[in-house]
Amino acid sequence: MEQRENVTEFVLLGLTQSVQGQRILFVVFLLIYTVTVVGNLLIVLTAVLSPTLDAPMYFFLGYLSFMDAFYSTSITPNTIIDLLYEKKTISFQACMTQLFTEHLFSGAEVFLLVVMAYDRYLAICRPLHYLTIMNQRVCVLMLLLAWVGGFLHALLHIIFFYNLPFCGPNVIDHFGCDMYPLLKLACTDTHITAVTVVANDGAICVTIFTLLLICYGVILRSLKNLSREGKHKDLSTCGSHITVVVLFFVLCIFTYVRPPVILPIDKYFAVFYTIVTPMLNPLIYTLRNGEMQNAMKNLELDTNYLGLYHC
């Protein structure tokens, strides 16, 4: 315990040491974060306020956007602020908090993607029983299980990392508190912790990605029995889901399904799945979903009407 207290903060090297590069990244990341928060919160508001989006799919989509907004917020604002300073530091407690929240929201999102795949399976493959099975109580229970899964996933990481002794050096070659750089700084044998982290994250990534591929494979196969109009609609919806799944899990598998070694490209991949992907999700879902686009337009019209009426 005394060893760990010698390190009260970590120094982050960030993505680049170039002042000009940091200024460019500041503008780019600020723009991306603004689009991420506004886009995801717009989907949340539309899913909550629009009377036409009462299907379970939009209930889950609203919470997926909620998770994306907060997942990005757990990392991106601190990264943006650090780009304004030459020396980037983060306290030990803030580092652990960032590690916990990152895995809380990403873990919950992983389990929610499974729920959304199951929802699409029932809607397309068992349409007569869909509303009976996916009632409000079941939807809330599935959402709760996703949050519990994310919480347990994050808690396991904190249990291991919080108790590691850090006695120097304290320089992290990253823009945030990532697991492998922290393992490298610990002044103890981290072999067991590293194996546990790889087993936990790797098993989750591979197992859930395989299940999702199987589920969507069954769904796509069953689409041949639908009418042309129904096939186009469901194919568009499933295409959005599959795109999000691939974007999320390909980098997840590359990062965690390998020996716990640090590669120079890791932090650039981390930029994509922590900063860029949460922005892409609302774009993917809205651009390929006519019902969501119409609901947003109607919501905007209703808002404008209420504003004019109030005036």
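Calculation criteria
- Residues numbered from 1 in each chain as written.
- Predicted model: local features only at pLDDT ≥ 70, side-chain atom pairs only at ≥ 80, totals over all residues.
- Heavy atoms only, no water.
- Phe/Tyr/Trp six-rings, centres within 6.5 Å; stacked < 30°, edge-to-face > 60°.
- Helix = DSSP H or I, 4+ residues; strand = E, 2+ residues; numbered from the N terminus.
- Pairing = 2+ DSSP bridges.
- Contact = heavy atoms within 4.5 Å.
- Axes fitted to C-alpha atoms, helices over the stretch in contact; angles between N-to-C directions.
- Parallel < 35°, antiparallel > 145°, perpendicular 65-115°, else oblique.
- Salt bridge = Lys/Arg side-chain N within 4 Å of Asp/Glu carboxyl O.
- Buried < 20%, exposed > 50% of the residue type's maximum accessible area, 1.4 Å probe, protein only.
- UniProt positions renumbered as here; feature names shortened; annotations may be inferred.
- Lys, Arg positive; Asp, Glu negative; His and termini not counted.
- Disulfide = S-S within 2.5 Å.

*Asks:* Explanation requested: the packing of aromatic side chains in the structure shown.
*Replies:* The geometry of an aromatic ring pair comes down to the distance between the two centres and the angle between the two planes. One pass over the full model with this rule turns up 15 aromatic pairs. Relative to phenylalanine 105, the ring of phenylalanine 70 has its centre 5.9 Å away and its plane inclined at 20°; by these criteria the two rings are stacked. Of this pair, phenylalanine 70 sits in helix H3 (residues 56-73) while phenylalanine 105 sits in helix H5 (residues 92-125), and the two are 35 residues apart along the sequence. Clustering of aromatic rings is evident, with ring pairs tying together Phe59, Phe60, Tyr63, Phe66, Phe70, Phe105 and Trp147.

*Asks:* Any chance you could explain the sheet that holds strand E3 (residues 171-172) here in plain terms?
*Replies:* For sheets, the rule is that strands pair by backbone hydrogen bonds, running either parallel or antiparallel. Pairing within the open sheet is mixed, and its three strands lie in the order E2-E1-E3. Two strands in the sheet have a free side with no partner beyond their single neighbour: strand E2 (88-91) and E3. Note that strand E1 (residues 9-12) and E3 share two bridges and pair parallel. Paired with leucine 12 across the two strands is isoleucine 172, which belongs to E3. Its contacts with the sheet put H5 on E1 and E2, and the angle it makes with E2 is roughly 80°.

*Asks:* Where do I start with the environment of alanine 295 in this structure?
*Replies:* Note that alanine 295 resides in helix H12 (residues 290-310). Spatially, the C-alpha atoms of alanine 295 and isoleucine 43 are 9.7 Å apart, while their sequence positions differ by 252 residues.

*Asks:* What is the right way to look at the packing of helix H7 (residues 136-162) against helix H9 (residues 191-222) in this model?
*Replies:* For any two helices packed against each other, the geometry is given by the interaxial angle and the distance between the axes. Two elements in contact, H7 and H9, have axes separated by 11 Å at closest approach and are oriented at 170°. If you check the angle between H7 and H9, you find them roughly antiparallel. Along the contact surface, H7 presents His153, Leu156, His157, Phe160 and Phe161, while H9 presents Thr193, Thr196, Val197, Asn200, Asp201 and Ile204.

*Asks:* Can you walk me through the pattern of salt bridges in this structure?
*Replies:* Pairing between side chains of opposite charge can happen when their charged atoms approach one another. Enumeration over the complete set of coordinates arrives at two salt bridges. Notably, a salt bridge pairs lysine 267 with aspartate 173, separated by 2.8 Å at the nearest N-O pair. Residue lysine 267 is found in helix H11 (residues 266-287), and its partner aspartate 173 is found in the loop between E3 and helix H8 (179-185); the two are separated by 94 residues along the sequence.

*Asks:* Is there a simple way to think about the environment of phenylalanine 10 in this case?
*Replies:* Relative to the assigned elements, phenylalanine 10 resides in strand E1. In this structure phenylalanine 10 comes out as buried when scored by relative accessible area, which is 0%. In sequence terms phenylalanine 10 and threonine 101 are 91 residues apart; their C-alpha atoms lie 18 Å from each other. Discounting chain neighbours no more than four positions away, the residues touching phenylalanine 10 are Lys88, Thr89, Ile90, Phe92, Cys95, Phe166, Asn170, Ile172, Leu182 and Leu185.

*Asks:* Just to check I follow, could you spell out the UniProt feature "transmembrane region" (unreviewed entry) in the protein for this structure?
*Replies:* This chain's UniProt record puts "transmembrane region" (unreviewed entry) on residues 24-48, 60-80, 100-118, 138-162, 203-223, 235-256 and 268-287. Secondary structure content for residues 100-118 is 100% helix and 0% strand, and the end C-alpha separation is 27 Å. Measuring from the first to the last C-alpha atom of residues 138-162 gives 35 Å, for a span that is 100% helix and 0% strand.

*Asks:* What's the story with the side chain of aspartate 82 in this structure? I'm lost.
*Replies:* Here aspartate 82 lies in helix H4 (residues 76-82). Summary of buried charges: aspartate 82 has no salt-bridge partner, and the nearest side chain of opposite charge, lysine 88, is 7.1 Å away. Aside from chain neighbours lying at most four places away, what touches aspartate 82 is Leu12, Gln22, Lys88 and Thr89.

*Asks:* What exactly am I supposed to notice about the state of the cysteines here?
*Replies:* In a disulfide, the sulfur atoms of two cysteines are held together by a covalent bond. All told, the structure shown has three disulfides when counted by the stated rule. Across a sulfur-sulfur distance of 2.0 Å, cysteine 95 and cysteine 177 are joined as a disulfide pair. Measuring the twist about the S-S bond at about -135°, one finds the cysteine 95-cysteine 177 disulfide to be left-handed. Placement of cysteine 95 in helix H5 and of cysteine 177 in the loop between E3 and H8 is noted, with a sequence separation of 82 residues between them. As far as burial versus exposure is concerned, cysteine 95 and cysteine 177 are alike and both buried. A sulfur-sulfur separation of 1.8 Å characterises the disulfide bridge that pairs cysteine 205 with cysteine 252. In this pair, cysteine 205 sits in helix H9 while cysteine 252 sits in helix H10 (residues 228-256), placing the two residues 47 residues apart along the sequence.

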